[in-house]
Amino acid sequence: MLTTLAIANYRSLRELIVPLGSLNVITGPNGSGKSNLYRALRLLALTARGGVIPSLAREGGLQSTLWAGPERFSRAVSAGEHAVQGTVRKDAVSLKLGFAGETFGYAIDLGLPPPASTSQFALDPVIKRECIWSGPILRPSALLVDRQGPMIRIRGEGGGRGGSDDWTTLAQPVASFDSMMTEFADPRSAPEMIAVREQIRSWRFYDHFRTDVQAAARQVQIGTHSPVLSDDGANLAAALQTIREIGDGAALDAAIGDAFPGARAEIVNHEGRFEVALRQDGLLRPLRGAELSDGTLRYLLLAAALLSPRPPALLVLDEPETSLHPDLLPSLARLIARASTQSQVLVVSHAPRLVAALEREAGSQSIVLERRLGATALADEDAHDVPAWKWPSR
Ligand SMILES: Nc1ncnc2c1ncn2[C@@H]1O[C@H](COP(=O)(O)OP(=O)(O)OP(=O)(O)O)[C@@H](O)[C@H]1O
Ligand SMILES: [Mg+2]
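About the criteria used
Residues numbered from 1 in each chain as written. Chains lettered and ligands numbered in written order. Predicted model: local features only at pLDDT ≥ 70, side-chain atom pairs only at ≥ 80, totals over all residues. Heavy atoms only, no water. UniProt positions renumbered as here; feature names shortened; annotations may be inferred. Helix = DSSP H or I, 4+ residues; strand = E, 2+ residues; numbered from the N terminus. Near = heavy atom within 4 Å. Polar contact = N/O pair within 3.5 Å; in protein donor to acceptor, adjacent residues only side chain to side chain. Areas by Shrake-Rupley, 256 points an atom, 1.4 Å probe, with all protein chains shown as cover. Nonpolar A, V, L, I, M, F, W, Y, C, P; charged D, E, K, R; others polar. Pairing = 2+ DSSP bridges. Axes fitted to C-alpha atoms, helices over the stretch in contact; angles between N-to-C directions. Contact = heavy atoms within 4.5 Å. Salt bridge = Lys/Arg side-chain N within 4 Å of Asp/Glu carboxyl O. Buried < 20%, exposed > 50% of the residue type's maximum accessible area, 1.4 Å probe, protein only. Domains from an automatic or database assignment. Core = buried A, V, L, I, M, F, W, Y, C linked by side-chain atoms within 4.5 Å. Parallel < 35°, antiparallel > 145°, perpendicular 65-115°, else oblique. Left-handed = near helix turned anticlockwise from the far one by under 90°.

**Structural notes on the UniProt feature "domain: ATPase AAA-type core" (unreviewed entry) in the chain**
Right, so step 1: Mapped onto the present numbering, the UniProt feature "domain: ATPase AAA-type core" (unreviewed entry) falls on residues 256–355.
Right, so step 2: For residues 256–355, the end-to-end C-alpha separation is 20 Å, with 32% helix and 26% strand making up the annotated structure.

Encoded structure:
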């Protein structure tokens, strides 16, 4: 489980350290940085899948995603006596993302290529530093795998671990755009890197499922075993059927009956092509995917995501309440709370009923964000035990 999430210089997250529990509810006013936090986590997940640089480029490049405020605020600005004024940048451009749990931590530091570069990819961010350490805080003696520019070094094998200073530098340098986690995969010399990578690769993100008439979830789709609902919900029917066959089908029926009394999901099988349908009280035939209301379809999608028979290490939902009637929110909260017994869960939400229902669950913690001088901050910092965090230096 992650206990700390740390982000620096990513959009409005100038320097944010967030303590995490098993069920985390993130709220705050419009523009406070909730979606930025969600996106930062997703970027972090992409480092282990090899997509962090293209994803940053799609967001407008490093220059656009970097914190747009000054590097530091003078005391007069913080006290409200002066407006923020432009200054010359003193520090190197540095977007940093990291997390830590009880056993391992990971951080990545992205910057710009040297100015003299003649490459056509001069706008591509480069990975300057990556570290994996043992325990919740980065200390020199806890470092296990350390990437500095193109070089990766690993703390000595076998008996050499646990504070010893014999390091092995890998002969093969890594490219500036590749994370050490995608490039290096020898489980014998760096088992913790594989452990961290596999953990990150299992993280799952769901935001704003499409439910319009063209939405993939409404269409008939080839049905194969689907323990994981895809990002766009295209395999909804197969995912529901998989829950019925190898997962907790009773919980699925209960969740649907809970939200729509008397209703039951059915999977129509057209010779291997699956379609979702809902049998409802008072109707002579089940309603097909194309006939379901937006809210009904979205609830089915969320149920399929939350009841996955292969729960991820971390499940992140951005505004799952969208287009759901407030009366459905307590049922959704129960599904989320159930998922949080098997996965660590982060929910970004605006819906007071969902937030209130989730906050009543054991183990839940609410994280309220606000903006101070344009930067996202924890609203009641004193109420949290903000964990200690140390970034690797360049
Ligand atoms: N590069 C940047 N530097 C500083 N601030 C930025 C940068 N890019 C975006 N922002 C700010 O981040 C805020 C957007 O945050 P975000 O989208 O996370 O809000 P939100 O909390 O999800 O709001 P909503 O509830 O409306 O969805 C905007 O106010 C925007 O001004
Ligand atoms: Mg948002």
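**Details of the site of ligand 1**
Right, so step 1: In the vicinity of ligand 1 lie 18 residues, with Gly31, Asn36, Leu66, His350 and Arg371 positioned nearest.
Right, so step 2: One of the side-chain nitrogen or oxygen atoms of serine 35 is found 2.7 Å away from an oxygen atom of ligand 1.
Right, so step 3: Between a nitrogen atom of ligand 1 and a main-chain N or O atom of serine 64, the distance comes to 3.1 Å.
Right, so step 4: Compared with its free state, where it exposes 650 Å², ligand 1 has 73% of that area covered by protein.
Right, so step 5: Put simply, the parts of the chain that give the shell around ligand 1 at least two residues each are helix H1 (34–47) and helix H3 (61–65).
Right, so step 6: By residue class, the composition of the shell around ligand 1 is four nonpolar, ten polar and four charged.

**Things to note about the sheet that holds strand S17 (residues 364–372)**
Right, so step 1: Spatial ordering of the open sheet is given by S10-S15-S16-S3-S17-S18, a layout of six strands whose pairing is mixed. The sheet is open, and its two edges are formed by strand S10 (204–207) and strand S18 (375–378), each paired on a single side. On average, each strand axis in the sheet is inclined to that of its neighbour by 20°, with strand direction left out of account.
Right, so step 2: As paired strands, strand S15 (residues 314–318) and strand S16 (residues 344–348) are joined by five bridges and run parallel to one another. Considered in S16, the bridge of valine 316 is made with leucine 346.
Right, so step 3: Helix H10 (residues 329–339) rests against strand S3 (23–27), S15 and S16 of the sheet, and its axis sits at about 145° to S16.

**Quick look at the pattern of salt bridges**
Right, so step 1: Per the stated rule, a full pass over the model turns up 19 salt bridges.
Right, so step 2: The partner of arginine 42 in a salt bridge is aspartate 207, with the nearest N and O atoms 3.5 Å apart. Highlighted residues: arginine 42 in helix H1 and aspartate 207 in strand S10, separated in sequence by 165 residues.
Right, so step 3: Residue arginine 42 is classed as partly exposed on the basis of its relative accessible area, which comes to 31%.
Right, so step 4: For aspartate 207, a relative accessible area of 27% gives the class partly exposed.
Right, so step 5: Here arginine 210 and aspartate 212 are joined by a salt bridge, their closest N and O atoms 2.9 Å apart.

**Quick word on the domain arrangement of the chain**
Right, so step 1: Under the domain assignment used here, the chain contains domain 1 (2–21 + 32–203 + 368–383) and domain 2 (212–295).
Right, so step 2: For domain 1 versus domain 2, the distance between C-alpha centres works out to 39 Å.

**Focus on the nonpolar core**
Right, so step 1: Leu5, Leu37, Phe99, Tyr106, Val145, Ile200 and Trp203 are the most contacted members of the largest nonpolar core, which totals 53 residues.
Right, so step 2: Grouped together as the second largest cluster of nonpolar side chains are 52 residues, Ala259, Phe260, Leu328 and Ala339 included.

**Considering the packing of helix H8 (residues 249–259) against H10**
Right, so step 1: Put simply, H8 and H10 touch, their axes get as near as 9 Å, and they point 155° apart. Here H8 lies roughly antiparallel to H10, going by the angle between them. Contacts from Ala251, Ala255, Asp258 and Ala259 of H8 reach H10 at Ser331, Arg334, Leu335 and Arg338.
Right, so step 2: Taken together, the residues of the contact of H8 with H10 sort by class into four nonpolar, one polar and three charged.

**Digging into the sheet that holds strand S6 (residues 126–134)**
Right, so step 1: Judged by pairing direction, the sheet is antiparallel, and its eight strands sit side by side in the order S2-S1-S4-S5-S6-S7-S8-S9 without closing on themselves. With partners counted over all chains shown, the strands left at the sheet margins are strand S2 (13–19) and strand S9 (167–169), one partner each. Taken over all neighbouring pairs, the strand axes of this sheet differ in orientation by 10° on average, direction set aside.
Right, so step 2: In the packing of H1 onto the sheet, the strands contacted are strand S1 (2–10), S2, strand S4 (95–101) and strand S5 (104–111), and the crossing angle to S1 comes to about 100°.
Right, so step 3: Here helix H6 (residues 191–201) sits on the sheet in contact with S1, S4, S5, S6 and strand S7 (143–148), set at roughly 80° to S5.

**Re the packing of helix H9 (residues 294–306) against H10**
Right, so step 1: Interhelical geometry of H9 versus H10 gives an angle of 15° and a closest axis separation of 9 Å. Between H9 and H10, the crossing angle belongs to the class labelled roughly parallel. Between H9 and H10 the crossing geometry is left-handed. Residue-level contacts link Tyr299, Leu302, Ala303 and Leu306 of H9 to Ser331, Leu332, Leu335, Ile336 and Ala339 of H10.

**Focus on the side chain of arginine 11**
Right, so step 1: As for its position among the elements, arginine 11 is in the loop between S1 and S2.
Right, so step 2: Side-chain polar atoms of arginine 11 contact the side chain of tyrosine 10, separated by 3.4 Å.
Right, so step 3: In contact with arginine 11, not counting residues within four places along its chain, are Asn36, Arg39, Glu59, Ser64, Thr65, Leu66, Trp67 and Ala68.

**Digging into the UniProt feature "domain: Endonuclease GajA/Old nuclease/RecF-like AAA" (unreviewed entry) in the chain**
Right, so step 1: UniProt tags residues 1–45 as "domain: Endonuclease GajA/Old nuclease/RecF-like AAA" (unreviewed entry).
Right, so step 2: Between the end C-alpha atoms of residues 1–45 the distance is 15 Å, and the span holds 27% helix and 47% strand.

**Some thoughts on helix H7 (residues 236–246)**
Structurally, the α-helix is built with 3.6 residues per turn, so residues lying three or four positions apart point the same way.
Right, so step 1: All of the buried residues along H7 are Leu236, Ala237, Ala238, Ala239, Leu240, Thr242 and Ile243.
Right, so step 2: Elements in contact with the buried residues of H7: H8, strand S12 (264–270), strand S13 (273–279) and H9.

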